[in-house]
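Here are the chains, one letter per residue:
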Amino acid sequence: MKRALKYFLVSILIVVAYYVVSAGVVGYQAMALKGEVKLLIHDVRVGAAVSAQETLTSRIDGRIAGLNSTLTNPFWRPITNRFLKDPQKEIILMEQLVKVVPSVMGSQSPKKYLIAFQNSAESRGTGGIFGAYAEIQVYHGAITILKQGSNVGLKSLNEIPIAMPAEYKDLYGSDPAIWQNSNESPHFPYAARIWSALWERQFHEKLDGVIATDPETLSYVLTVIGPVTLASGEVIDSTNVVSKTLSTAYQRFATDNLARKQYLVDVMMAVMNKLVAGHYSKIQLMKVLQTPLLENRILMSLSDPGDQSVIAPTAISGVLSNSANNEYRVVLINTSGNKLDYYLRKVIKIESVSCKRPVTTQITATITNSLTSTNGLPDYVVGRLDLHLPHGAMGRDGFLVLIYGPTGAAATSVLRSDASQVEPQIASERGRPIAYFRTDLAEGASERFTVVFSGGTGPIIYVKQPLVAPEVVTIHDGCS
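So, here's what we can say about the structure.

What counts as what
Residues numbered from 1 in each chain as written. Predicted model: local features only at pLDDT ≥ 70, side-chain atom pairs only at ≥ 80, totals over all residues. Heavy atoms only, no water. Pairing = 2+ DSSP bridges. Helix = DSSP H or I, 4+ residues; strand = E, 2+ residues; numbered from the N terminus. Core = buried A, V, L, I, M, F, W, Y, C linked by side-chain atoms within 4.5 Å. Buried < 20%, exposed > 50% of the residue type's maximum accessible area, 1.4 Å probe, protein only. Contact = heavy atoms within 4.5 Å.

This part is about the pairing of strand 9 (residues 344–354). Pairing analysis gives ten bridges linking strand 9 to strand 10 (residues 360–369), with the strands arranged antiparallel. Its bridge partner being in strand 10, L344 is matched across the sheet by N369. Count of turn residues in the strand 9/strand 10 antiparallel hairpin: five residues. Sheet topology places strand 9 next to strand 17 (residues 472–476); five bridges connect them, and they run parallel. Note that in strand 17 the partner of I348 across the bridge is V473.

This is the structure:
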């Protein structure tokens, strides 16, 4: 585990350094960067003076700045794009993460983190419902697993344990006081703060941060570390971990939900234990983790305000930005209390309508319930708690669709293809307008939602919600 987290925290740095050397682009700078990262890790492990670590992180930051101009230069783009999926985002992540590595790795004092595994078969704003967890302690880079379990043993409240903005309560009410609902907002720091407060009330200890991930991320990890074998002899690999944990497990444990939850914990811990063993390519692992990082399947929030402000501009923070932007999101939140979101598919199209100030942009989201039959699916998967129908409603899935526009913009047109359903509403969160739809989608059916926003600054950006199926996104930006 120590080696796994160590390489996770500086993954992008090492990947960039290694492949730039291989390409022969800026060999000297890359080798120097790689050596200085290793030296920083050594200083953390031996508890070197803070001043020495600050000097080293500053030097590394300078190296990154030197690499930045090369990696983003159009001349070298064909080379860098072979190894980096999104050089601009990954360089920003690299620049910011290195500044918090000593603190996060417990250079001067032990740090405790909650790792939350989200079950994306039941959608929430940051991905899926809180399913399983592990608490770890990091000190001088060494990792100790303190607790592990499912959401069964976690105690919820009737009211949110921390003060939240009025607009948050208008959108989500008191539902987020429950562990499984604390991440309804796509703004991950909200979820992390609520989870941390709930944790402190139950276990009487403060967390230094929260890290969220999901079974899809485990599938990427397993492509590198290889299959894992459970105590039962069952083999879990990259091709079956998602379907086994988010689909077939519900059939297998149809009459024993506690056993199913423990099964998820067992799979999670088997992967973590193999990561600890370290018999795999660290460089290859960091390369495959680029995809879940860019799909927002790995999120981190830090309790220290200074550290959090450093990572806030990066994708790993899961921040719903309230600065000037031209960013869009389509967020689904399950309202059925079932697990049918495993079958939901999203196709997103964003296009410029007018470049006159303020710019006008249209976003169209087509959501499909790809379920073809409920045969063999247990009540836990198809049931409708919202409709008090334990056996479900013939495969119909109920959920919210929240379409976010840019900061300071306004929704000028809001349409849905199924006029028989509830009329859309307009809401806001962190300065962002939201077109808010409540829908109930039959198996095999699709619905199209179209919103026009007036306002936005800069190029069009879309931020994905990490659900089971990857989103298909098309952007036609005629204004930048």
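From this point, things continue past the structure.
What follows covers the nonpolar core. In terms of nonpolar packing, the biggest core is built from 58 residues, with I236, M268, V271 and L285 touching the most fellow members. At ten residues, helix 11 (residues 257–277) tops the list of elements feeding residues into this core. Leaving out residues up to four positions away in the same chain, M268 has contacts with F117, A132, Y133 and A134.

Time to look at unusual backbone geometry. Along the chain, R357 connects to P358 via a cis peptide bond; the corresponding omega equals -5°. With respect to the helices and strands, the residue P358 is situated in the loop between strand 9 and strand 10. Unusually for a residue other than glycine, H204 sits at a positive phi of about 60°. By the secondary structure assignment, H204 is in the loop between helix 8 (188–203) and strand 4 (209–213). Residue H204 is classed as exposed on the basis of its relative accessible area, which comes to 69%. At H388, a position not held by glycine, the phi torsion is positive, near 55°.

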